[in-house]
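Listed below are the residues making up each chain.
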Amino acid sequence: MKPGRADRVWSVDEHLADILGKIRPLEPIALQLLDAQGCVLTEDVTAPAALPPFDNSSMDGYAVRIADVEGASEEFPAVLAVVGDVAAGSGELPAVGPGEAARIMTGAPLPPGAEAVVPVEWTDGGLGGGPATTMAGSGTAEVRVHRSVDARAHVRARGSDVTAGELVLPAGTLLGPAQIGLLAAIGRGTVSVRPRPRVVVVSTGSELVPPGESLAHGQIHDSNSFMLTACARAAGALAYRVGAVDDDPATLRAALEDQLVRADAVVTSGGVSVGAYDVVKEALSGLPAEEGRVDFRRLAMQPGKPQGFGRIGPDRTPLFALPGNPVSSYVSFELFVRPALRALMGLEPADRTTVRAVCPEGVASSPRGRRQYLRGRHDPATGEVTLVGGSGSHLVKALAGADALIVVPEDATSVAPGAELDAILLD
C-alpha cells in the first residue's frame, strides 16, 4: 500500500484486481501425456497423419463386393467363398474377388477389392443356418449373406475423424481425459503445457491439533489446512498440506523458507487480524526488500475482512494470507486464490457461474458498506436460492451443506423476502 493509506478499506474488486495484476502464468514445460492432464496447452497441436489412418470396419462381419450381395435375402441368400480372415492389426490382407468375402473384425482394415462390410447378424456366420449372432472359426469355406448393402456401408473412411495437418487442439486448451485420448490417437507422446501450480497450504495456531488426535482443553482440530488443500486441488493445482505452525513468527518464517523451494504459491490461514498473536502479520509485515513484500488489508466484505497478499522469497512466490475462521477462509479462497491459481495456469481467472436468483426468505440484516457472502442452496428448477445456516464464520456444517454463495451488495442493510440476489454457484 502507498504511504499514509494504512487505514484504507479495500473493495473486493480492488483486492482481486491487485492480485491478478501481479500474477504471471507459469513457464511452459514439456510433459508426458498423463502428466499433462489438467494442464493448459501452450502450443497448437496438428495431426501429422489422417485419423483413422486407413479404411476400417465398424462391425464384426464380412467384407464383400456390392454386386455379389445385390438382392440377397434369407430365402435367396448370396453364397460367398470365405477367402481369409482380417483382424485388427492385420498386415498382409487377402484380396476379395468376385463371389468372395473376407471375415473381418471391428477396427480391422478393409481388404483390397472389398467395397462394404455386411454385419454378421445379416449372415449365417458360416454356420449354415439362419441369422447368426457369432461367426464360425477360421477355415470356414463359405458364408450365406441375407441382405444387400450399399457401397461403403459399415466402413470408417480414412481421415473421417481427422485429416492430415488439421488443427486438433489449439493453444489454451485445458487437457482432460478426452483431449489426452486425442493426443495419444494422433501419436503425440509429449506436449508443451503450463504446469499445474504447486500450492503449499499452512495453518497457524498453537491451539490446532491434527484430526485423529485427542483434544486437550482449549484445543481444536485443524480443519482449515485440509479444506484449503482440497480447494486448491479442486481448482486444478497440486496442493501440499503442511502441519499447523505454532504462533511464533520465527517458526513460521522458517517453515515458509523451507516450503518455498517446492511452491508456486503459498496459502496461509489465521494470524492476519489485529490480535496479540496474529503470527502471520507479525512474521511477514515489513520484510526486507530482498525477501519480498506482503501487504495486509481490511476489505469491505463479510466474512473475510482481514486479508494479506504479497510475493516472497527469491522467486517472488505469491502468498495469500487468509483469515482463520473456516468460512472466512473458504470464501476468501473462492474469491481471491482460485482466480489467481487459474491465472498461473494460463486460464481465464473467473470460472464460477453467477446467476440471479430469488431469495424467498430475504436477509434480515447486512452490514452497511460491506459486501456480504452468505451460504445458500440453489435450485435451478425454481430459480431460488435459500439460506443455509447463519452468517457466523465458524459454521462449517452450514458451509458443507451449501452449493452457492449468496451475495448481498455493500449498499444493502437488508433484503426483502422474494428479492433477487446474485448467487455464485460452487459446483
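Residues numbered from 1 in each chain as written. Predicted model: local features only at pLDDT ≥ 70, side-chain atom pairs only at ≥ 80, totals over all residues. Heavy atoms only, no water.

A.B. asks: Any chance you could break down unusual backbone geometry for me, citing the residues and the numbers?
C.D. replies: Look at the link from Leu 51 to Pro 52: it is a cis peptide, with omega at -5°. Relative to the elements of secondary structure, Pro 52 occurs in the loop between strand 4 (45-46) and strand 5 (56-57). Here the amide bond leading from Gln 302 into Pro 303 is cis, since omega sits at -5°, within 30 degrees of zero. Position of Pro 303 among the secondary structure elements: in the loop between strand 20 (301-302) and strand 21 (306-312). With a phi close to 70°, Arg 152 is a non-glycine residue in the positive phi region. Checked against the element boundaries, Arg 152 lands in the loop between strand 10 (142-145) and strand 11 (155-156). Notably, Arg 316 is not glycine yet its phi reads approximately 50°, a positive angle. (Helix = DSSP H or I, 4+ residues; strand = E, 2+ residues; numbered from the N terminus.)

A.B. asks: So what's going on with the side chain of Gln 307? Which residues, and what values?
C.D. replies: Of note, Gln 307 is situated in strand 21. Only 3.0 Å separates the side chain of Gln 307 from the backbone oxygen of Gly 304, close enough to count as a polar contact. The contact partners of Gln 307, leaving out residues within four places of it in the chain, are His 15, Asp 295, Phe 296, Arg 297, Leu 299, Met 301, Ala 321, Leu 322, Pro 323, Ser 332 and Phe 336. (Polar contact = N/O pair within 3.5 Å; in protein donor to acceptor, adjacent residues only side chain to side chain. Contact = heavy atoms within 4.5 Å.)

A.B. asks: Tell me about the sheet that holds strand 9 (residues 116-119), and please be specific about residues and values.
C.D. replies: Here five strands make up an open sheet; going across it, the order is 9-6-8-7-10 and the pairing mixed. Lying at the two open borders of the sheet, with one neighbouring strand each, are strand 9 and strand 10. Recorded for the sheet is a direction-independent mean angle of 40° between the axes of neighbouring strands. Bridge count between strand 7 (residues 78-86) and strand 10: four bridges; the pairing is antiparallel. Across the sheet, the residue bridging to Leu 80 is Val 143, located in strand 10. (Pairing = 2+ DSSP bridges. Axes fitted to C-alpha atoms, helices over the stretch in contact; angles between N-to-C directions.)

A.B. asks: Kindly report on the environment of Glu 361, identifying the contributing residues and their values.
C.D. replies: Of note, Glu 361 is situated in the loop between strand 23 (354-359) and strand 24 (371-379). With a relative accessible area of 37%, Glu 361 lands in the partly exposed category. Between the alpha carbons of Glu 361 and Thr 386 there is a distance of 7.2 Å; along the sequence they are 25 residues apart. Residues in contact with Glu 361, not counting those within four places in the same chain, are Val 385, Thr 386, Leu 387 and Pro 417. Of the polar contacts made by the side chain of Glu 361, one reaches the backbone nitrogen of Leu 387; its length is 3.0 Å. (Buried < 20%, exposed > 50% of the residue type's maximum accessible area, 1.4 Å probe, protein only.)

A.B. asks: Describe the packing of aromatic side chains, listing the residues and the values that go with them.
C.D. replies: Counting across every chain of the model gives one aromatic pair. Taking 5.2 Å as the distance between ring centres and 45° as the angle between the ring planes, the aromatic pair formed by Phe 309 and Phe 320 counts as tilted. A residue pair is termed long-range when its members are at least 10 positions apart, and Phe 309 in strand 21 and Phe 320 in strand 22 (residues 317-322) qualify at eleven residues. When the ring centre of Trp 10 is taken as origin, the NZ or CZ atom of Arg 8, which lies over that ring, is 4.1 Å away. Sitting above the plane of the Trp 10 ring, Arg 297 keeps its charged end 3.8 Å from the centroid. (Phe/Tyr/Trp six-rings, centres within 6.5 Å; stacked < 30°, edge-to-face > 60°. Lys NZ or Arg CZ within 6 Å of the ring centre and 35° of its normal.)

A.B. asks: Let's hear about a negative patch on the surface: which residues, and what values?
C.D. replies: Judged by side-chain charge, Glu 257, Asp 258, Glu 290 and Glu 291 come together as a negatively charged surface patch. Within the secondary structure, Glu 291 is located in the loop between helix 6 (279-284) and strand 19 (292-299). Look at Glu 291 and you get partly exposed, because its relative accessible area is 34%. (Patch = residues over 30% accessible without salt bridge, like charges linked within 9 Å, V, L, I, M, F, W, Y side chains within 5 Å. Areas by Shrake-Rupley, 256 points an atom, 1.4 Å probe, with all protein chains shown as cover. Salt bridge = Lys/Arg side-chain N within 4 Å of Asp/Glu carboxyl O. Lys, Arg positive; Asp, Glu negative; His and termini not counted. Charge placed at Lys NZ, Arg CZ, Asp CG, Glu CD.)

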